[in-house]
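Results of the structural survey
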Amino acid sequence: MRRLLCLILLVFAITSSRGIDASIYFSQEGTPREPLDVGKSLVYVVELSGAKNSMMYTVELTVGPDSSDTSISKSFTEKLNLNPGATGVLRFEVNFQSPDLRKGDFGRWLSDKNDTSIWDRTWYKATVTSLDPFEKPVVREDYTGHPTLVKVFEEFRDASVTPRKGTREDLYTYEVSVFSTAPDNITLEVAPSKNGPWKPVGTQEYTTPGSWRVLRWQNVSLDFDFSSAYYRFVGRKEKTFDGPFWPVSVEFRNASLSPDRGLSDTPFRYSLEVNASKEIEVSLNVWDVGSKSFVSAGRRTYRNVSTWERLEWNDVRVTATPEAYGSSQHYYGFHYIDAESPFSTTKDMIGRYYAGPDVVVVWVKNATVSPERGSAYTSYTYTAEIETTKPRCDLELQIRPPESDLWISRGMVTYTGSSSTLVWRNVTFDIKDADLLGMAMYRFVLDNSVLGEFPGPEFDVSFKDATYSRIGNTDRFNYRVSVRALRPIDVELIYTDDGKSWIRSGLLQNYSRPGNWTELSWNNQPWHQTVQFDVKR
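Note that the structure is a prediction, hence the values are computed from the model and not measured.

**Comments concerning the overall build of the protein**
Secondary structure assignment for the protein yields 2 helices and 40 strands. The C-alpha radius of gyration computed for the protein amounts to 42 Å, which surpasses the reference 24 Å derived for 537 residues by more than 25%, pointing to a less compact arrangement than a globule. Overall, the C-alpha framework of the protein stretches about 150 × 55 × 35 Å when taken along its three principal axes. A total of 537 residues make up the protein; the buried ones form 45% of that total. Accessible surface, the protein: about 26900 Å² in total, of which carbon and sulfur atoms supply 45%.

Here it is as structure tokens:
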């Protein structure tokens, strides 16, 4: 963009009837008017004219930030050879944040981030002398506080173009919210690419320093062809955005994620099938559970126009915070090639984010229950192979019977780093669940956080109405139970006489009517303190 050097004329030339004439003004690139930006260098311009003879002139310029304390100052000296009828210009670059000037009240104003007031106590004195001993020195000085200075902070946010998709036949509305510590002129410029050529389409004044203001440009036409156009706002600062976008038809399907949970450093795999009417880029954006924000996981280029193509993102880490955990989510953005902003997203099109993965500090990689089938009487062994960022932790096993919403604790096992596989042995369900059929569930819990739920075991046999009866006055008994199973099975009588050790009797009764309750009996058996029934696998 061609920039204009904005000159601010504060002190007019005073013509001397004899000798040299001198005038002084200030300039700062990109600043249209006072106050000037104290954060950037500014130029004092001394313009000389009116020489009667070819002569060497010396200009000594002294500047200071505070007219109430002229001991704080900095001096500059330059020489210029001036011919009769000519005009000579000397430029003195001044940085008011230099250590020589950053003192006193001015230094405290500079350092106070909360003070956004305008500084109006600067001063200067310029003395022009020549080699001619008969030519009197010319002095130009000002103590009225010019140039005024401000600590410029300017921000653009909530920039938008409406409609977001369109062609050169459409009219567009551009908006931006502006905050600045000084007045400014904000120019909207548009271009067919981020490299230009840039065309200004209007300037609006920002006149409310210290507060946000929405600036709007309406009925803007674009007289160039584009896939992704660009626009920028140019004031004391400059910021570029992309849009509008030429309409593109996009379809997508079969979004996938694997695994669905893991540690903060687990490499996740994402994929999406895309079909578009134009070559585009597709970005993956994931929720970082550590920073609590969406971050880009990279782009993939869709090239097979009007054909379904599967795009993949491998080895994606969803957070850089080692101890972070929580539920992540993700979405895909559709971009023109090299465009920063998407012209559409999966979130916009389906109204929701894709769920996952869950980030945990302990990841159960492999969980098993053995045997895979049984009943409430069966003793089960559960195992969990884990990865963790913790050197030590206690995992709790919880089980849930079929047709139940109640989770039952079955104890803790401590991970110490010596083995990644934790084992819970001889785990049983409550006998009150003995008449249930279906799939049980189990899960592992760390500090009240569920690490994963898994199916198993399958209750493929159930029992109810277990009874016994003495045979006359003998020490012999008949044991009976009603059985229902999913398939034909052999049922075994098991017992304990001391309440501690269970013994399998080896006595089997065959069940052959799947789905129906059938009474099985073990007659003329010795007394046992307690009996149970189980399937002979």
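**Brief notes about a negative patch on the surface**
Taken together, the side chains of Glu403, Asp435, Asp465 and Glu519 make up a negatively charged region of the molecular surface. Here Glu519 shows up in strand β39 (residues 518-526). Judged by its relative accessible area of 54%, Glu519 falls in the exposed class.

**What about the nonpolar core?**
Ranked by size, the top nonpolar core spans 48 residues in total, and within it Tyr382, Leu395, Trp424, Phe444, Phe463 and Val483 carry the most contacts. At 5 residues, the largest contribution of residues to this core is made by strand β36 (residues 476-485). If we skip the residues at most four places from it in the chain, Trp424 touches Tyr380, Thr381, Tyr382, Ala384, Leu395, Glu396, Leu397, Arg410, Gly411, Met412, Val413 and Phe444. By size, the runner-up hydrophobic cluster in this structure holds 33 residues, among which are Ala22, Phe26, Leu48 and Trp109.

**Thoughts on the sheet that holds strand β29 (residues 380-388)**
Read from one edge to the other, the open sheet built from 3 strands follows the order β27-β29-β32, with strand pairing classed as antiparallel. Of all strands in the sheet, those with a lone pairing partner are β27 (362-370) and β32 (421-427), marking the two edges. For this sheet the average axis-to-axis angle between neighbouring strands, irrespective of direction, equals 15 degrees.

**Focus on the pattern of salt bridges**
Summed over the entire model, instances satisfying the criterion amount to 24 salt bridges. We note a salt bridge from Arg121 to Asp66, for which the minimum N-O separation is 2.8 Å. Remark: Asp66 occurs in the loop between β5 (55-64) and β6 (74-82) and Arg121 occurs in the loop between α1 (104-111) and β8 (123-130); sequence separation between them is 55 residues. Arg121 gets classed as partly exposed once you look at its relative accessible area, which sits at 26%. Note that Asp105 is salt-bridged to Arg108, the shortest N-O span being 2.5 Å. Residue Asp105 and its partner Arg108 are both found in helix α1; the two are separated by 3 residues, about one turn of the helix. Of the residues examined, Asp105 reaches a relative accessible area of 36% and is grouped as partly exposed. By relative accessible area, Arg108 is classed as exposed at 54%.

**Observations concerning the sheet that holds strand β14 (residues 199-206)**
Taking strand neighbours across the sheet as the criterion, the 4 strands line up as β14-β13-β16-β17 in an open arrangement whose pairing is antiparallel. Each having just a single partner strand, β14 and β17 (238-245) make up the two edges of the open sheet. Sheet twist, expressed as the average angle between the axes of neighbouring strands with direction ignored, equals 20 degrees. As paired elements, strand β13 (residues 184-191) and β14 share 7 bridges and run antiparallel to each other. Looking at the pairing, Asn185 lines up with Glu205 of β14.

**Describing the packing of aromatic side chains**
Evaluated as defined, the whole model comprises 41 aromatic pairs. On the basis of an interplanar angle of 55 degrees and a centroid distance of 6.2 Å, the ring pair of Phe245 and Phe343 is categorised as tilted. Residue Phe245 is found in strand β17, and its partner Phe343 is found in the loop between β24 (326-335) and β25 (344-345); the two are separated by 98 residues along the sequence. Across the ring face of Trp517, the terminal group of Lys464 is positioned such that the distance to the ring centre comes to 4.3 Å.

**Looking at the environment of Asn95**
For Asn95, the position within the fold is in the loop between β7 (88-94) and α1. Sequence separation between Asn95 and Ser54 is 41 residues; the distance between their C-alpha atoms is 33 Å. Residues contacting Asn95, with those up to four places away along its chain left out, are Ser41 and Leu101. Of the polar contacts made by the side chain of Asn95, one reaches the backbone nitrogen of Gln97; its length is 2.9 Å.

**A few points about the side chain of Thr345**
Counting through the fold element by element, Thr345 comes out in strand β25. For Thr345, a relative accessible area of 7% puts it in the buried group. There is a polar contact of 2.9 Å between the side chain of Thr345 and the backbone nitrogen of Asp348.

**Some remarks on unusual backbone geometry**
Backbone torsion omega between Gly356 and Pro357 reads 0 degrees, so that peptide bond is classified as cis. Tracing the backbone shows Pro357 in strand β26 (residues 354-359). Of note in the backbone geometry, Asn219 takes a positive phi value of approximately 55 degrees without being a glycine. The residue Asn219 is located in strand β15 (residues 213-221) in this model. Overall, the relative accessible area of 59% leaves Asn219 in the exposed class.

**Concerning the pairing of β13**
Buried residues dominate β13, accounting for 7 of its 8 residues. Summarising the sheet, β13 and strand β16 (residues 228-234) pair through 5 bridges and their orientation is antiparallel. Along β16, the bridge assignment pairs Val190 with Tyr231.

**Thoughts on α1**
Along α1, the positions that sit buried rather than exposed are Phe106, Gly107, Trp109 and Leu110. All buried residues of α1 fall inside an arc of 160 degrees around its axis, so they share one side. Looking at the packing, one finds that the buried side of α1 touches β10 (149-150).

**Overview of the environment of Trp424**
With respect to the helices, strands and loops of the structure, Trp424 is situated in strand β32. When the C-alpha atoms of Trp424 and Met412 are compared, they prove to be 8.4 Å apart, with 12 residues separating the residues in sequence. A polar side-chain atom of Trp424 sits 3.1 Å from the main-chain carbonyl oxygen of Gly411.

**Things to note about the confidence of the model for the protein**
For the protein, the mean per-residue pLDDT works out to 90, and 96% of the residues sit at or above 70. This stretch, residues 1-17, has a pLDDT under 50; its non-local contacts, to residues over four places away or in other chains, come to 39 contacts.

Each value, and the rule that gives it
- Residues numbered from 1 in each chain as written.
- Predicted model: local features only at pLDDT ≥ 70, side-chain atom pairs only at ≥ 80, totals over all residues.
- Heavy atoms only, no water.
- Helix = DSSP H or I, 4+ residues; strand = E, 2+ residues; numbered from the N terminus.
- Rg over C-alpha atoms; globule rule 2.2 N^0.38 Å.
- Buried < 20%, exposed > 50% of the residue type's maximum accessible area, 1.4 Å probe, protein only.
- Areas by Shrake-Rupley, 256 points an atom, 1.4 Å probe, with all protein chains shown as cover.
- Patch = residues over 30% accessible without salt bridge, like charges linked within 9 Å, V, L, I, M, F, W, Y side chains within 5 Å.
- Salt bridge = Lys/Arg side-chain N within 4 Å of Asp/Glu carboxyl O.
- Lys, Arg positive; Asp, Glu negative; His and termini not counted.
- Charge placed at Lys NZ, Arg CZ, Asp CG, Glu CD.
- Core = buried A, V, L, I, M, F, W, Y, C linked by side-chain atoms within 4.5 Å.
- Contact = heavy atoms within 4.5 Å.
- Pairing = 2+ DSSP bridges.
- Axes fitted to C-alpha atoms, helices over the stretch in contact; angles between N-to-C directions.
- Phe/Tyr/Trp six-rings, centres within 6.5 Å; stacked < 30°, edge-to-face > 60°.
- Lys NZ or Arg CZ within 6 Å of the ring centre and 35° of its normal.
- Polar contact = N/O pair within 3.5 Å; in protein donor to acceptor, adjacent residues only side chain to side chain.
- Arc of directions from axis to C-beta.
- pLDDT = per-residue confidence, 0-100.

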